[in-house]
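Descriptive analysis of the structure
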Amino acid sequence: MMVIPVLGTPKWNKLTTSTAPMDIGIRAGRIVDIAPQLTTDAPQMDAGGGLIIRGFVDSHLNLDKTCILDRSQNQTGTLKGALDAVTTAKRAFTAEDFYARGARVLENAIG
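Nothing here was measured: the structure is a model prediction, and the numbers come from that model.

Topic: the overall build of the protein
From N to C terminus, the protein includes 2 helices and 4 strands. When its helices and strands are written in sequence order, the protein yields β-β-β-β-α-α. Across the 111 residues that make up the protein, the buried fraction comes to 23%. Restricting to contacts in the protein with at least 6 residues of sequence separation, those with at least 24 account for 47%. Accessible surface for the protein amounts to roughly 8,800 Å². Of this, 58% is attributable to carbon and sulfur atoms.

Structural notes on the pattern of salt bridges
Scanning the model with the defined rule gives 6 salt bridges in all. A salt bridge links D64 to K90, with the nearest nitrogen and oxygen atoms 3.8 Å apart. Taken as a pair, D64 in the loop between strand 4 (45-46) and helix 1 (79-90) and K90 in helix 1 lie far apart in primary sequence, 26 residues in all. Using a relative accessible area of 38% as the deciding quantity, one classes K90 as partly exposed. A salt bridge links K80 to D84, with the nearest nitrogen and oxygen atoms 2.9 Å apart.

Digging into helix 1
The terminal C-alpha atoms of helix 1 lie 16 Å apart, and with 12 residues this matches the ideal 16 Å at 1.5 Å per residue to within 8%. The complete set of buried residues in helix 1 reads G81, A85, V86 and A89. Buried residues of helix 1, viewed axially, fall in a sector of 130°; they line one side. For helix 1, the exposed residues set more than 90 degrees away from the buried face come down to L79, K80 and L83.

Overview of the packing of aromatic side chains
Tallied over the entire structure, the rule returns 0 aromatic pairs. Over the ring of F93 we find R101, and its NZ or CZ is 4.2 Å from the ring centre.

Focus on the confidence of the model for the protein
In the predicted model, the protein carries a mean pLDDT of 79, and the fraction of residues at 70 or more is 83%. Here strand 1 (residues 4-10) stands out as the element of the protein with the lowest mean pLDDT, 51, in contrast to helix 1, whose mean of 93 is the highest. In this model, residues 11-15 is a region of pLDDT below 50 whose contacts with residues beyond four sequence positions or in other chains number 7 contacts.

A look at the environment of R104
With respect to the secondary-structure elements, R104 resides in helix 2 (residues 95-110). Classification of R104 by relative accessible area gives partly exposed; the value is 48%. A sequence separation of 37 residues divides R104 from C67, and the C-alpha atoms of the two residues are 8.4 Å apart.

Definitions and limits used
- Residues numbered from 1 in each chain as written.
- Predicted model: local features only at pLDDT ≥ 70, side-chain atom pairs only at ≥ 80, totals over all residues.
- Heavy atoms only, no water.
- Helix = DSSP H or I, 4+ residues; strand = E, 2+ residues; numbered from the N terminus.
- Buried < 20%, exposed > 50% of the residue type's maximum accessible area, 1.4 Å probe, protein only.
- Contact = heavy atoms within 4.5 Å.
- Areas by Shrake-Rupley, 256 points an atom, 1.4 Å probe, with all protein chains shown as cover.
- Salt bridge = Lys/Arg side-chain N within 4 Å of Asp/Glu carboxyl O.
- Expected span 1.5 Å × (residues − 1).
- Arc of directions from axis to C-beta.
- Phe/Tyr/Trp six-rings, centres within 6.5 Å; stacked < 30°, edge-to-face > 60°.
- Lys NZ or Arg CZ within 6 Å of the ring centre and 35° of its normal.
- pLDDT = per-residue confidence, 0-100.

Here it is in structure tokens:
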């Protein structure tokens, strides 16, 4: 297995505020090591002191707003129109309705 170090990237975590350059070893697309100086014969990529951060992923949904297309028509096709349509539809929501729509989404998601 080949380790590809990304040279000279700062390492920071909740335990330290150190921004000393660190090398990142990558094998098969995964980080396998972070250290001040990795040694390898593998190809190297110099990050030039750049900052490495994790990808932004905010995977969520609002169960209270699912399965309401049949009762919330966005007449204008704008963000304001969507907000107005959902606001109007929410006036008729009940606990039973919310539960049924949420359960439908979850059942579809897990098969």
